[in-house]
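Analysis of the macromolecular model
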Amino acid sequence: MEPTISILVPVYQVEDYIERCARSVFEQTYPNIEYIFCNDCTLDRSMEVLERVIKDYPERAKRTRIIQFDENKGLATVRNTLVDACQTEWLLHEDSDDWMELDLVESLVKKQQETEADIVCADLILHHSDREERYSFSEFDKKEDYFRLVLMNNDAHFCWGKLIRTSLYKDNHIKIAPDCKKAEDMRVIIPLFYYANKIVATHQVGCHYNLTRPERISTLTEGNIKVKGGWLLDTMFVVKEFLSDKEEEYVKLFNKTIYEKICNYISLAVYYRNHATHQFMCHKAVDFAIQYPYVLGGSKERILFEIKSNYHIYRVFMNWLYRNEKAA
């Protein structure tokens, strides 16, 4: 029997993109799909566009639900609400400014039935303003290797583009705290991967990730880098707490990822010439390295951190590097 799949779509300020997204989900070659959209009190014409598109697919419209919020609650609450509303065995997240290949669901279901996996990952096609590139999950025989991947690789922390067994969410009470403001997906995808018995990847199809939207082109500025960096670290420490009673290898792996992310923000602070944020992140890095010395790595990494920790020296270094790369 063909299982019913729920496609879950948050809607907020996407009037220029929602039509492409909606048509891509309604035109899926797989027949047994229900659709749940959540209107997070959008201020633009997104819902008007969506309702117009729904009328073009009367058979799909019969299996479409729209959840209306009376106030804006944020992506974390929207994701939780969509999962709570899902009554099917399988679900698939889709962001409303992205779109999917028309045989995505069919291919994911076929792969799941062949492998009896709890999570099936599709390729990701990144759409930049000047190019396209493909991100593919590696093929692993063991789910533990997939789990290590998401602990090490921020690019793998997205929950969309994956066929997920709904019971992974509900049996393990996986939710995102409503006050989460950055990296919401990381708070669910790491527990989902941990509790899954089997994870596989398929490279026949992909989800299209729209990086041409202005909000995604530049989310960091000189003014907000400290705030957004703090939000990201908040999420990472929530995940760290989840891992605290798990295998030591996983804890150490994620601690190294946290340290690397802090160091990335040190570099970004220099790039944006934000001395205060640079000092803030340097203190975070030092405190973290004192608590977990193994995150420092080898002598090369230690030397690089010493350079990064001096704001003025590192600015000179980065300016020199940029000039030489531009000249080359």
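Cut-offs used in this document
Residues numbered from 1 in each chain as written. Predicted model: local features only at pLDDT ≥ 70, side-chain atom pairs only at ≥ 80, totals over all residues. Heavy atoms only, no water. Pairing = 2+ DSSP bridges. Helix = DSSP H or I, 4+ residues; strand = E, 2+ residues; numbered from the N terminus. Salt bridge = Lys/Arg side-chain N within 4 Å of Asp/Glu carboxyl O. Buried < 20%, exposed > 50% of the residue type's maximum accessible area, 1.4 Å probe, protein only. Core = buried A, V, L, I, M, F, W, Y, C linked by side-chain atoms within 4.5 Å. Contact = heavy atoms within 4.5 Å. 1 Å grid on protein atoms, 1.4 Å probe; cavity = no way out; pocket = protein on both sides within 12 Å on 5 of 7 lines; lining within 4 Å. Points joined across faces, edges and corners; volume = space filled by probe spheres on them. Nonpolar A, V, L, I, M, F, W, Y, C, P; charged D, E, K, R; others polar. Patch = residues over 30% accessible without salt bridge, like charges linked within 9 Å, V, L, I, M, F, W, Y side chains within 5 Å. Areas by Shrake-Rupley, 256 points an atom, 1.4 Å probe, with all protein chains shown as cover.

1. Quick word on the pairing of strand 7 (residues 132–135)
Strand direction decides the pairing type here: strand 6 (residues 119–127) and strand 7, joined by four bridges, are antiparallel. Residue L126 lies in a different strand from strand 7, and its bridge partner there is E133. Taken together, strand 6 and the strand that follows it, strand 7, pair antiparallel across an intervening segment of four residues.

2. Considerations on the pattern of salt bridges
Under the criterion given, the structure shown has 18 salt bridges. One salt bridge connects R79 with D95, and the closest N-O pair in it is separated by 3.1 Å. One end of the pair, R79, is in helix 4 (residues 75–85); the other, D95, is in the loop between strand 4 (90–93) and strand 5 (99–100), and 16 residues separate them in sequence. Relative accessible area serves as the criterion here: at 4%, R79 is assigned to the buried category. What you see here is one network of salt bridges that share partners, running through E19, R23, R52 and D56.

3. Some remarks on the nonpolar core
One finds F137, I190, F193 and L243 to be the most contacted residues of the largest nonpolar core, which totals 71 residues. Per element, the largest residue contribution to this core is eleven residues, and it comes from helix 11 (residues 248–271). Contact partners of F137, with chain neighbours within four places excluded, come to C121, A122, D123, Y146, L149, A156, F158, K162, F193, A201 and H203. Counting residues in hydrophobic clusters, the runner-up holds 35 residues, among them I5, V14, I33 and Y57.

4. Some details on empty space enclosed by the protein
Counted under the stated rule, the structure contains one cavity of 30 Å³ or more. Its boundaries defined by the atoms lining it, the largest cavity holds a volume of some 60 Å³. As for the largest cavity, its lining consists of R79, N80, V83, D84, H93, Y169, I174, K175, I176 and V188. For the lining of the largest cavity, the leading source of residues is helix 4, giving four residues. Among the residues making up the lining of the largest cavity, the classes are represented as five nonpolar, two polar and three charged.

5. Let's talk about a nonpolar patch on the surface
A cluster of nonpolar residues, F317, W320 and L321, forms a patch on the protein surface that exposes about 270 Å² of accessible area. Along the chain, the position of W320 falls in helix 14 (residues 311–327). Take W320: its relative accessible area is 46%, and that puts it in the partly exposed class.

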